[in-house]
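# Report on the structure
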Amino acid sequence: MYERRHTQQISVGKVPVGGGSPITVQSMTTTKTADVEGTLQQIYALAAAGCDIVRCTCNEQEAAEGLAQIVPRSPIPIIADIHHQYKMALAAMEAGVHGLRLNPGNIRKPEHIKAVASEARDRCLPIRIGVNGGSLDPSLYEKHGGLTAAAMVESALQEIAYFHEVDFDLIKISVKASNVPLMVDAYRLLADAVKYPLHLGVTEAGPPPAGLVKATAGISTLLLEGIGDTIRYSLTADPVEEARAGRQLLEALGLRERKNVDLIACPSCGRAEIDVIDVANRAMKAFEDKKLPLQIAVMGCVVNGPGEAREADLGIAAGNKRGHLFVKGRNVAVVPESEMVEALVEWAEFIHEHGTDAAIARADTKLAEREAARDRSQLLDEKGADANDAGSKIVEIRKTVSD
Ligand code: SF4
């Protein structure tokens with residue numbers, strides 16, 4: 001859909017990154033890596049939520065030993081996150097991880113960086129150069145007069161130079177900052193300077209919903225410019241939320257094939273016959289773990305709902321204490337209001353298995369359309385064409401202004 005920047009391809013385990021491969025979703029475990037069972041449980045939950053690659057901290061010997069047990073049982077590739085101790089990078093490779101993340105601001109001795117890169121080269125393992133605005137090398141901070149996009153990019157380029165000295169090229173880079181415009185600038189600058197795949201993220205974005213907004217603003221701006229090969233939402237939340245958000249963003253932008261329900265819902269208005277927020281939330285929950293790649297609509301009224309959501313595969317609109325189900329804009333069934341969510345799930349599963357044509361064919365569309373027309377005209381009779389009473393408000397406004 002968008003012209004993507006051409007990058008060199010690397011592989012994290014069996015998952016390709018860059019070089020035109022699908023954009024991947026990453027997250028990070030929050031358990032102690034030494035807690036093998038707890039960490040694996042989180043990794044399985046992340047994989048189920050759409051995470052392609054997971055990162056675990058490797059900050060002590062016990063963590064590296066934990067990784068040796070986690071890696072062979074993990075359903076997705078594992079990257080070890082390394083900050084201050086280069087020896088932990090060597091230990092993680094020994095444990096069998098599929099890649100490393102090094103923070104150049106925290107491991108600064110060239111001989112240590114080169115020792116890690118040489119080992120990764122011999123094992124054909126990729127390394128992400130993970131520059132982080134909050135832990136930038138102090139000398140670069142001083143040279144650039146503070147935290148700037150150029151300073152972050154220079155940090156990455158310095159690390160690349162050390163890697164090249166030992167002939168290591170399996171590189172992926174991130175230049176994350178918590179400030180969205182700064183992060184966007186840094187990635188744009190970096191994309192012009194290197195051919196390596198880029199890992200996008202807004203660091204320390206915070207708890208949802210503000211964290212989700214910040215991360216989405218930064219990541220999607222770049223993705224729409226064709227920049228970015230893998231993404232991570234850094235939220236102060238259960239990491240499963242991060243994986244879900246990443247997956248949903250890629251599906252919404254058409255960058256990954258839809259695997260989950262795309263729930264659309266009207267914003268509700270004076271015409272609504274149900275509590276749209278409540279029904280939409282219950283529907284969202286009911287579809288959360290179902291892998292149904294369908295667009296499903298929850299609409300507040302049968303007057304406008306089926307028409308406004310006619311592109312949806314399936315939808316429901318309320319009227320006269322009843323739910324009117326529609327498939328591709330055609331009324332197919334009427335159910336009691338209390339059964340709206342259950343009916344949506346049942347029809348969605350049928351459509352997923354047999355398609356929308358079969359769903360329309362199995363319905364008594366004539367009867368459903370007649371019922372919908374009856375409820376529609378009754379509601380129009382009750383509320384009129386101006387359900388929000390805008391007409392009388394306008395009369396009042398004109399009176400106020402002219403007084
Ligand atoms: S007119 Fe009906 S479908 Fe449109 S916003 Fe109002 S309640 Fe929802």
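Scope of this entry: the structure provided in the associated data block. None of the values given here were measured: they were computed from a predicted structure.

About the cut-offs
- Residues numbered from 1 in each chain as written.
- Predicted model: local features only at pLDDT ≥ 70, side-chain atom pairs only at ≥ 80, totals over all residues.
- Heavy atoms only, no water.
- Helix = DSSP H or I, 4+ residues; strand = E, 2+ residues; numbered from the N terminus.
- Buried < 20%, exposed > 50% of the residue type's maximum accessible area, 1.4 Å probe, protein only.
- Arc of directions from axis to C-beta.
- Contact = heavy atoms within 4.5 Å.
- Pairing = 2+ DSSP bridges.
- Axes fitted to C-alpha atoms, helices over the stretch in contact; angles between N-to-C directions.
- Core = buried A, V, L, I, M, F, W, Y, C linked by side-chain atoms within 4.5 Å.
- Salt bridge = Lys/Arg side-chain N within 4 Å of Asp/Glu carboxyl O.

For the rest of this paragraph, the subject is the environment of L140. With respect to the helices and strands, the residue L140 is situated in helix α5 (residues 138-143). According to the relative accessible area criterion, L140 is buried, its value standing at 1%. A C-alpha to C-alpha distance of 67 Å links L140 and A372, two positions 232 residues apart in sequence.

Because the α-helix completes a turn every 3.6 residues, residues three or four places apart line up on one side. Those residues of helix α3 (residues 86-95) lying buried are Y86, M88, A89, A92, M93 and A95. With its buried residues spanning 160° around the axis, α3 presents them on a single face. Away from its buried face, by an angle of more than 90 degrees, α3 presents the exposed residues K87 and E94. Against the buried residues of α3 lie α2 (61-70), β5 (78-82), β6 (99-102) and α4 (110-123). At the C-terminal side of α3, G96 shows a positive phi close to 100°.

One open sheet holds the 8 strands; their spatial order is β8-β7-β6-β5-β4-β3-β10-β9, and the pairing between them is parallel. Edge positions in the sheet fall to β8 (171-176) and β9 (199-200), since each has one partner strand and no second. The sheet contact formed by strand β3 (residues 24-28) and strand β4 (residues 53-57) spans 3 bridges and is parallel. From the neighbouring strand, Q26 faces β4, where its bridge partner is I53. On the sheet, helix α9 (residues 239-252) packs against β3 and β10 (230-232) and is oriented at approximately 165° with respect to β3.

Right, let's get into the nonpolar core. The nonpolar side chains of a soluble globular protein tend to be buried with one another. Grouped together as the largest cluster of nonpolar side chains are 81 residues, with contacts concentrated most on I82, L100, I173 and L223. Per-element accounting of this core gives the leading share, 8 residues, to helix α7 (residues 180-193). Every residue in contact with L223, bar those within four places of it in the chain, is listed here: Y2, I23, L200, G228, I231, L249, L250, L253 and L255. Residues F287, A312, F326 and A359 belong to the second largest nonpolar core, which totals 45 residues.

Here the structure, examined in full by the defined rule, presents 30 salt bridges. Linked by salt bridges that have partners in common, E241, R244, K285 and E288 make up one network.

This part is about the pairing of strand β14 (residues 322-327). The element β14 is largely enclosed, with a buried count of 6 among its 6 residues. Along β14, one buried face is formed by R322, H324 and F326 and the opposite face, lined by G323, L325 and V327, is buried too. Here strand β13 (residues 314-319) pairs with β14 via 6 bridges, running antiparallel. Pairing of A318 across the sheet is with G323, part of β14. Two successive antiparallel strands, β13 and β14, enclose a turn made up of 2 residues, where N320 displays a positive phi of approximately 55°. Judged from the 6 bridges that link them, β14 and strand β15 (residues 330-336) form a sheet pairing that is antiparallel. Bridged to V327 within β15 is R330. Adjacent in sequence and paired antiparallel, β14 and β15 are bridged by 2 residues, among which K328 carries a positive phi angle near 50°.

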